[in-house]
Amino acid sequence: HTMEQICRAAKAKNVVAIGECGIDKLKSPATVKVQTEILAAHAALAEAVHKPLILHCVKGQEEIMSLHRKMAAKQAWIIHGFRGKPTQAEQLLREGFFLSFGALFNPDSLAITPADRLFIESDTSNTPIEEIYRAAALCRGVSTEELAATIANNIKLCNIAIF
């Protein structure tokens, strides 16, 4: 898709977020410079349409944090499939990011993520989302119902119009 097509599509009511986009230093054939330029265009779009930005980040945390600071983003930036260590989580959280955890979460990182910065996802995992919620709730010492209420609140907080 061209950026023009993406911009048109982003305005649709059934589009609830922009992404997944980001920096991948391991698998992307594009240079980090090109990836950063494309990410900046998607981030600007997220701001323009008032929708959160879903981020893919593989070894690109510094670049993503730098762009976030430079843009002074008002929309939520959500790191999807976060598997990093607690020190990485702390850096991202200090910068205002949300973290979304899937089946292969780091328990220590999940445990330190504030409730109002947390998402749970299944992404491409074969693990049912209910199992991921149960494991995450157990890790955080809360009920699955409490975790589900937290996530529902964060969906509203991030202006994700799925309810």
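Provided above is the structure to which this section pertains.
First, a word on scope: everything that follows refers to the structure included in this document. Keep in mind that what you see is a predicted model, and the values were worked out from it rather than measured.

**Brief notes about the overall build of the protein chain**
Along the protein chain, the regular secondary structure elements total seven helices and five strands. For the protein chain, the succession of helices and strands along the chain, N to C, is α-β-α-β-α-β-α-β-α-β-α-α. Relative to the 2.2 N^0.38 estimate, which gives 15 Å for 163 residues, the radius of gyration of the protein chain is 15 Å and therefore close to what a compact globule would have. Counting across all 163 residues of the protein chain, residues that qualify as buried make up 37%. At a minimum sequence separation of 6, the contacts of the protein chain that also span at least 24 residues come to 55%. In the form shown here, the protein chain has an accessible surface area of approximately 9,100 Å², with 55% of it arising from carbon and sulfur atoms. Side chains of the protein chain give 18 positive and 17 negative charges; the mean places of these two sets differ by 6 Å.

**Focus: the sheet that holds strand E4 (residues 98–101)**
Consider a sheet: its strands pair through backbone hydrogen bonds, and that pairing is either parallel or antiparallel. In spatial order, the strands read E1-E2-E3-E4-E5; together these five strands make up an open sheet with parallel pairing. Unpaired on one side and paired on the other, strand E1 (18–24) and strand E5 (118–120) mark the two borders of the sheet. The average angle at which neighbouring strand axes cross in this sheet is 30 degrees, direction not considered. Both E4 and E5 contribute to a ladder of three bridges, which runs parallel.

**Description of the nonpolar core**
Counting 41 residues, the largest nonpolar core has Leu53, Trp77 and Ile120 as the members making the most contacts within it. For this core, the element with the highest residue contribution is helix H2 (residues 32–49), accounting for five residues. Apart from the residues within four sequence positions on either side, leucine 53 is in contact with Ile18, Cys21, Leu39, His42, Ala43, Ala46, Ala76, Trp77 and Ile78.

**Some remarks on the environment of lysine 70**
Position of lysine 70 among the secondary structure elements: in helix H3 (residues 61–71). Sequence-wise, lysine 70 and alanine 40 are 30 residues apart; in three dimensions their C-alpha atoms are separated by 9.9 Å.

**Points about H2**
An ideal rise of 1.5 Å per residue puts 26 Å on 18 residues; H2 measures up with 25 Å between its terminal C-alpha atoms. Looking at H2, one finds that the buried residues are Gln35, Leu39, His42, Ala43, Leu45, Ala46 and Val49. Buried residues of H2, seen end-on, are gathered within an arc of 155 degrees and therefore sit on one face of the element. Seen from the open side of H2, the exposed residues pointing more than 90 degrees away from its buried face are Lys33 and Ala48. For H2, the elements touching its buried residues are helix H1 (3–10), E1, strand E2 (53–58), H3 and strand E3 (77–79). The first or second residue beyond H2 is histidine 50, which carries a positive phi of 60 degrees.

**Regarding the pattern of salt bridges**
Counting across every chain of the model gives four salt bridges. Salt-bridge contacts for lysine 25 lead to glutamate 63; the nearest nitrogen and oxygen are separated by 2.7 Å. On the criterion of sequence distance, the pair formed by lysine 25 in the loop between E1 and H2 and glutamate 63 in helix H3 is long-range, its members being 38 residues apart. Note on glutamate 63: relative accessible area 23%, which makes it partly exposed. Between arginine 69 and glutamate 95 there is a salt bridge, with its nearest N and O atoms 3.1 Å apart.

**Observations concerning the packing of H3 against helix H4 (residues 86–94)**
At a minimum axis separation of 10 Å, H3 and H4 run at an interaxial angle of 10 degrees. With respect to their mutual orientation, H3 and H4 come out roughly parallel. As H3 packs across H4, the resulting crossing turns out to be left-handed. Residues Gln61, Glu62 and Met65 of H3 form the contact with H4, whose participating residues are Gln88, Gln91 and Leu92.

Rules used throughout
- Residues numbered from 1 in each chain as written.
- Predicted model: local features only at pLDDT ≥ 70, side-chain atom pairs only at ≥ 80, totals over all residues.
- Heavy atoms only, no water.
- Helix = DSSP H or I, 4+ residues; strand = E, 2+ residues; numbered from the N terminus.
- Rg over C-alpha atoms; globule rule 2.2 N^0.38 Å.
- Buried < 20%, exposed > 50% of the residue type's maximum accessible area, 1.4 Å probe, protein only.
- Contact = heavy atoms within 4.5 Å.
- Areas by Shrake-Rupley, 256 points an atom, 1.4 Å probe, with all protein chains shown as cover.
- Lys, Arg positive; Asp, Glu negative; His and termini not counted.
- Charge placed at Lys NZ, Arg CZ, Asp CG, Glu CD.
- Pairing = 2+ DSSP bridges.
- Axes fitted to C-alpha atoms, helices over the stretch in contact; angles between N-to-C directions.
- Core = buried A, V, L, I, M, F, W, Y, C linked by side-chain atoms within 4.5 Å.
- Expected span 1.5 Å × (residues − 1).
- Arc of directions from axis to C-beta.
- Salt bridge = Lys/Arg side-chain N within 4 Å of Asp/Glu carboxyl O.
- Parallel < 35°, antiparallel > 145°, perpendicular 65-115°, else oblique.
- Left-handed = near helix turned anticlockwise from the far one by under 90°.

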